[in-house]
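# Overview (structure and organization)
Here are the chains, one letter per residue:
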Amino acid sequence: MTTTHPEYILTLSCPDHRGIVHRVSGFLAEHGCNIIDSAQFGDAQSQLFFMRVHFAAEDPAINDTQLRADFEIVAKELGMDAQLHDARKKPRVMLMVSKIGHCLNDLLFRYKSGLLPVEIPAIVSNHTDFYQLSASYNIPFHHLPLATGAPAEAKRAQEERILEIVKANDIDLVVLARYMQILSPQMCDALKGKAINIHHSFLPSFKGAKPYYQAHDRGVKLIGATAHFVTGDLDEGPIIEQDVERVDHSMEPDTLTAIGRDVECVVLARAVKWFVEHRILLNGHKTVVFK
């Protein structure tokens, strides 16, 4: 459905009780808004309610400022953690990569072809391997080297430079597209809820170096990838998306690697798309993803 009216996406979570959907839909109706699509979920374990509503604001007498201010009253009354997003604003995404570029290349293609509704104002890397690729998309490339075994002071200085780029470019999401550096706890805190990593395994399993070789040695029948939010606990952040591919004894480690990298691309692209479409809500150490 298309409309010439301003469109918004409302996401919220709050303690679960009767009447939340009625209250939200009633508010929107009273403010001249038409619901385009809506999804909700009540978690019996956490006793929290989650909701995502895509709507069009059809009453020209009610402007953006009034709509936000009026809903803030409702949000406070019901104890909501709520965000109201402009549905037509493309989120600004910064990509980070090291020396393995399949996820970077895939995201750039999806961006350029219009499959991923984002702006990409910066690419950051601790190596120069993908400078020319970035240039081919006319995206500024920031080379921020970090020597192997660099002291903590050097790592913090490099991370401060990354955060300067995030701030200068008004970044909404940082994507670690196979950026092979462990972020400091301070960096993880600074990017809390706005950084996604792709892990080259179906977590939790085969962590560390050469995961597909580890999988081959164990004779696994499934390999996969996991996209998750970045936290100070390495590879333990809330999981957004996972997928697997079936393999067998006849496949060499290089074959598993190739299959695994394809899965990584798909899983990361899904996670990024869902984030920029405001479909992901945090539920403690888990996520609610409205697909």
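Residues numbered from 1 in each chain as written. Predicted model: local features only at pLDDT ≥ 70, side-chain atom pairs only at ≥ 80, totals over all residues. Heavy atoms only, no water.

Right, let's talk about the overall build of the protein for a bit. Looking only at helices and strands, the protein has eight helices and 13 strands in total. Computed over C-alpha atoms, the radius of gyration of the protein comes to 21 Å, within 12% of the 19 Å expected from 2.2 N^0.38 for 291 residues, which places it in the range of a compact globule. By sequence separation, contacts in the protein at least 24 residues apart represent 67% of the contacts at least 6 residues apart. Accessible surface computed for the protein: about 14,900 Å², of which carbon and sulfur atoms make up 52%. The distance from the centre of the 30 positive side-chain charges to the centre of the 36 negative ones in the protein is 2 Å. (Helix = DSSP H or I, 4+ residues; strand = E, 2+ residues; numbered from the N terminus. Rg over C-alpha atoms; globule rule 2.2 N^0.38 Å. Contact = heavy atoms within 4.5 Å. Areas by Shrake-Rupley, 256 points an atom, 1.4 Å probe, with all protein chains shown as cover. Lys, Arg positive; Asp, Glu negative; His and termini not counted. Charge placed at Lys NZ, Arg CZ, Asp CG, Glu CD.)

A few words on the sheet that holds strand β2 (residues 33-43). With antiparallel pairing, four strands are arranged side by side in an open sheet as β2-β3-β1-β4. Each edge of the open sheet carries a strand with a single partner, namely β2 and β4 (81-86). On average, adjacent strands in this sheet sit at an angle of 10° to one another, irrespective of strand direction. Both strand β1 (residues 7-15) and strand β3 (residues 48-57) contribute to a ladder of nine bridges, which runs antiparallel. Its bridge partner being in β3, E7 is matched across the sheet by A56. Strands β1, β2 and β3 of the sheet are contacted by helix α1 (residues 20-30), whose axis makes an angle of about 15° with β3. Packed onto the sheet, helix α2 (residues 64-78) meets β1, β2, β3 and β4 and runs at close to 15° relative to β1. (Pairing = 2+ DSSP bridges. Axes fitted to C-alpha atoms, helices over the stretch in contact; angles between N-to-C directions.)

Further remarks concern the packing of helix α3 (residues 102-112) against helix α8 (residues 253-276). Between α3 and α8, whose axes approach to 9 Å, the crossing angle comes to 45°. When the interaxial angle is binned, α3 and α8 end up oblique. Along this stretch, α3 crosses α8, giving a crossing that reads as right-handed. The segment α3 lies against α8, with H102, C103, D106, L107 and R110 engaging R261, E264, C265, V266, L268, A269 and V272. (Parallel < 35°, antiparallel > 145°, perpendicular 65-115°, else oblique. Left-handed = near helix turned anticlockwise from the far one by under 90°.)

This part is about the environment of Q66. Tracing the backbone through its elements, the reader meets Q66 in helix α2. The partly exposed category is assigned to Q66, whose relative accessible area is 33%. A sequence separation of 35 residues divides Q66 from H31, and the C-alpha atoms of the two residues are 9.5 Å apart. (Buried < 20%, exposed > 50% of the residue type's maximum accessible area, 1.4 Å probe, protein only.)

Turning to the sheet that holds strand β10 (residues 222-229), a few remarks are in order. Taken in spatial order, the seven strands line up as β7-β6-β5-β8-β9-β10-β11 in an open sheet, and their pairing is mixed. The open sheet has two edge strands with one neighbour each: β7 (141-143) and β11 (239-246). Strand-to-strand twist across the sheet, computed as the mean angle between neighbouring axes with direction ignored, equals 15°. The sheet contact formed by strand β8 (residues 173-176) and strand β9 (residues 195-199) spans three bridges and is parallel. Across the sheet, the residue bridging to V175 is I196, located in β9. Along the sheet, α3 makes contact with β5 (92-97), β6 (119-125), β8 and β9, crossing β6 at roughly 165°. α8 contacts β5, β8, β9, β10 and β11 of the sheet and is inclined by roughly 150° relative to β11.

As a further point, take the state of the cysteines. Among covalent bonds in proteins, the disulfide is the one between the sulfur atoms of two cysteines. Inspection of the entire model under this criterion finds zero disulfides. The thiol sulfur of C14 is not disulfide-bonded, and the nearest other cysteine sulfur, from C33, lies at 19 Å. Judged by its relative accessible area of 11%, C33 falls in the buried class. (Disulfide = S-S within 2.5 Å.)

Now for the packing of aromatic side chains. Enumeration according to the criterion identifies five aromatic pairs in this entry. Here F27 and F71 contribute two aromatic rings whose centre-to-centre distance is 5.2 Å and whose plane-to-plane angle is 70°, an arrangement assigned as edge-to-face. Separated by 44 residues along the polypeptide, F27 in helix α1 and F71 in helix α2 bring together distant segments of the chain. Comparing F27 with F71 shows no difference in burial state: the two are buried. (Phe/Tyr/Trp six-rings, centres within 6.5 Å; stacked < 30°, edge-to-face > 60°.)

With that settled, the discussion passes to the pairing of β10. In terms of residue burial, β10 counts as a mostly covered element, since seven of its eight residues are buried. As defined by bridge partners, β9 adjoins β10 across four bridges and the pair is classed as antiparallel. Bridge pairing links I196 to F229 in β10. Pairing geometry for β10 and β11, over seven bridges, is antiparallel. For G224, the partnering residue across the bridge sits in β11 and is V244.

On to the pattern of salt bridges. Under the definition given, this model contains 16 salt bridges. For the salt bridge of D64 with R68, the shortest nitrogen-to-oxygen distance reads 2.9 Å. With a gap of four residues between them, D64 and R68 both fall in helix α2, about one helical turn apart. Note that R270 is salt-bridged to E241, the shortest N-O span being 2.8 Å. One end of the pair, R270, is in helix α8; the other, E241, is in strand β11, and 29 residues separate them in sequence. By relative accessible area, R270 is classed as partly exposed at 29%. Look at E241 and you get buried, because its relative accessible area is 10%. In this structure, a network of salt bridges that share partners links the residues R156, E159 and E160. (Salt bridge = Lys/Arg side-chain N within 4 Å of Asp/Glu carboxyl O.)

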